[in-house]
Amino acid sequence: MVRRTKEEALETRHRILDTAELIFHENGVSRTSLEQIAKAAGVTRGAIYWHFKNKADLFTAMFDRIRLPMETMVEKCRDNDPDSDPIGTLHKVVTLILRETVRNPQRRRVLEILFNKCEYTDEMRSVIERHQEACADGRTHIERSLRSAIALGQLPAGLDPRQAAVLMHAMITGLIGDWLFMPQSFDMETRAADMVESCFDMLRFSRALRSSGSPPDRPPGCTSPAPASH
C-alpha cells in the first residue's frame, strides 16, 4: 500500500511537470499561474504545493529533467575517452550537446522556455542563480579541458585558457539560442561537428587569445591554412 502511494505521488509529480512544461511553452512563464497548471493537470493547488515550494521551484525541477540526463550523457562521453585526448573528448561532448538540442523534443521545448519565454523577475531569482551556476560549471569544465590540451601540446602554449573557455561557452550558448530562435536559418544537427571544429581553429590561430600577445604557435600536426580560393 505504501509503495502504491509512492508510485501515485511520483506519477502526480511527473504529470504536474509535463503540464507545466507545455503551458510555460505556450504562454510564457510570467503569464502562467500555478492555478492554471493545477487545472490543466487535473490536480489541486495543494497537490502542487505538496511537491513544489513555488513556481520557481517547479521551473527548476522541470529544467533538471532535461539537464540531468544530458549531464549523464556527457559524463559517459568523457568516461569513454582517455585523458590523453582532451580536445577529442571536448569536441565530442559539445557536438553531442548541439545535436541533442535538435533531436530531443523535450530538451528543445524546455530550452525554448529558458531562452525565449522566461522573464527573470524577482520571483524567478532562484532560477537565475541556478542558470548562472550551470553556466559557471560549463565554463569550468571547458577551461579544465583546454588546460589539459595546452599541457599536451594540442593547443598553443600561449593560449589564455580562461578567455578561450569564455569564448567557447559563448559560442555554444549562442548557437543554441540562435537556432531556437530561427531553426530554419541553419542546420545545426548536420553541421554541429564542423561548427565545433571552427571554434578550435580560432583557439589555435587567434593572436587575440594569447595571454602573452605572442604570435600563434602551431600545435603538432597542424599545417598552415590553405590560401583562400577565389
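Computed from a prediction, not measured in an experiment: that's the story for all the values here.

Let's shift gears to the overall build of the protein. Check the secondary structure of the protein and you find nine helices and zero strands. Ordered by position in the sequence, the α and β elements of the protein form the string α-α-α-α-α-α-α-α-α. Looking at the protein residue by residue over its 230 residues, the buried ones come to 40%. Here the contacts in the protein between residues at least 6 apart in sequence split such that 67% fall between residues at least 24 apart. Of the accessible surface of the protein, which amounts to about 13,200 Å², a share of 52% is contributed by carbon and sulfur atoms.

What follows is about the packing of aromatic side chains. All told, the structure shown has one aromatic pair when counted by the stated rule. Taken together, a centroid distance of 6.1 Å and an interplanar angle of 50 degrees make the contact between phenylalanine 24 and phenylalanine 59 tilted. One end of the pair, phenylalanine 24, is in helix α1 (residues 2-27); the other, phenylalanine 59, is in helix α4 (residues 55-79), with 35 residues separating them in the sequence. The same class applies to phenylalanine 24 and to phenylalanine 59, which are both buried.

Next up on the list: the confidence of the model for the protein. Scored by pLDDT, the protein comes out at a mean of 85, with 86% of its residues at no less than 70. A low-confidence stretch, residues 219-230 stays under pLDDT 50, and its non-local contacts, those more than four residues away or across chains, total twelve contacts.

Looking now at the pattern of salt bridges. Applying the stated criterion across every chain, the model contains twelve salt bridges. Here aspartate 18 ties to arginine 65 by a salt bridge, and the two come within 2.9 Å at their closest N and O atoms. Here aspartate 18, found in helix α1, pairs with arginine 65, found in helix α4; they are 47 residues apart in sequence, far enough to count as distant. The exposure class assigned to aspartate 18 is partly exposed, which follows from its relative accessible area of 37%.

Let us look at the nonpolar core. Formed by 59 residues in total, the largest nonpolar core has its most connected members in Ile37, Phe59, Leu98 and Met168. Leaving out residues up to four positions away in the same chain, leucine 98 has contacts with Ile172, Leu175, Ile176, Met188, Ala192 and Val196.

On to the side chain of glutamate 112. Among the secondary structure elements, glutamate 112 is positioned in helix α6 (residues 105-116). Residue glutamate 112 is classed as buried on the basis of its relative accessible area, which comes to 13%. Those residues in contact with glutamate 112 that sit more than four places away from it in its chain are His25, Lys117 and Leu180.

Quick look at the packing of helix α8 (residues 161-181) against helix α9 (residues 188-205) now. Viewed as axis vectors pointing N to C, α8 and α9 meet at an angle of 155 degrees, and their least axial separation amounts to 11 Å. It follows that α8 is roughly antiparallel to α9 by the angle criterion. Handedness of the α8/α9 crossing: right-handed. In this structure, α8 contributes Ala164, Leu167, Met168, Met171, Leu175, Ile176 and Trp179 to the contact, and α9 contributes Met188, Met195, Val196, Cys199, Phe200, Met202 and Leu203. Of the residues contributing to the contact of α8 with α9, the split by class is 14 nonpolar, no polar and no charged.

A pair of packed helices is captured by two measures, namely the crossing angle of their axes and the spacing between those axes. Two numbers describe how helix α5 (residues 86-103) lies on helix α7 (residues 125-151): the axes approach to 8 Å, and their chain directions differ by 150 degrees. For the element pair α5 / α7, the angle class is roughly antiparallel. Here α5 contributes Pro86, Ile87 and Leu90 to the contact with α7, which in turn contributes Ile142, Ser145, Leu146, Ser148 and Ala149. Across the contact of α5 with α7, the residue classes tally to six nonpolar, two polar and no charged.

Residue position: methionine 124 is located in the loop between α6 and α7. For methionine 124, a relative accessible area of 1% translates into the label buried. Separated by 67 residues in sequence, methionine 124 and aspartate 57 have C-alpha atoms that sit 8.8 Å apart. Excluding residues within four positions of it along the chain, methionine 124 makes contact with Val29, Ala56, Phe59, Cys118 and Glu119.

Scoring rules and cut-offs
- Residues numbered from 1 in each chain as written.
- Predicted model: local features only at pLDDT ≥ 70, side-chain atom pairs only at ≥ 80, totals over all residues.
- Heavy atoms only, no water.
- Helix = DSSP H or I, 4+ residues; strand = E, 2+ residues; numbered from the N terminus.
- Buried < 20%, exposed > 50% of the residue type's maximum accessible area, 1.4 Å probe, protein only.
- Contact = heavy atoms within 4.5 Å.
- Areas by Shrake-Rupley, 256 points an atom, 1.4 Å probe, with all protein chains shown as cover.
- Phe/Tyr/Trp six-rings, centres within 6.5 Å; stacked < 30°, edge-to-face > 60°.
- pLDDT = per-residue confidence, 0-100.
- Salt bridge = Lys/Arg side-chain N within 4 Å of Asp/Glu carboxyl O.
- Core = buried A, V, L, I, M, F, W, Y, C linked by side-chain atoms within 4.5 Å.
- Axes fitted to C-alpha atoms, helices over the stretch in contact; angles between N-to-C directions.
- Parallel < 35°, antiparallel > 145°, perpendicular 65-115°, else oblique.
- Left-handed = near helix turned anticlockwise from the far one by under 90°.
- Nonpolar A, V, L, I, M, F, W, Y, C, P; charged D, E, K, R; others polar.

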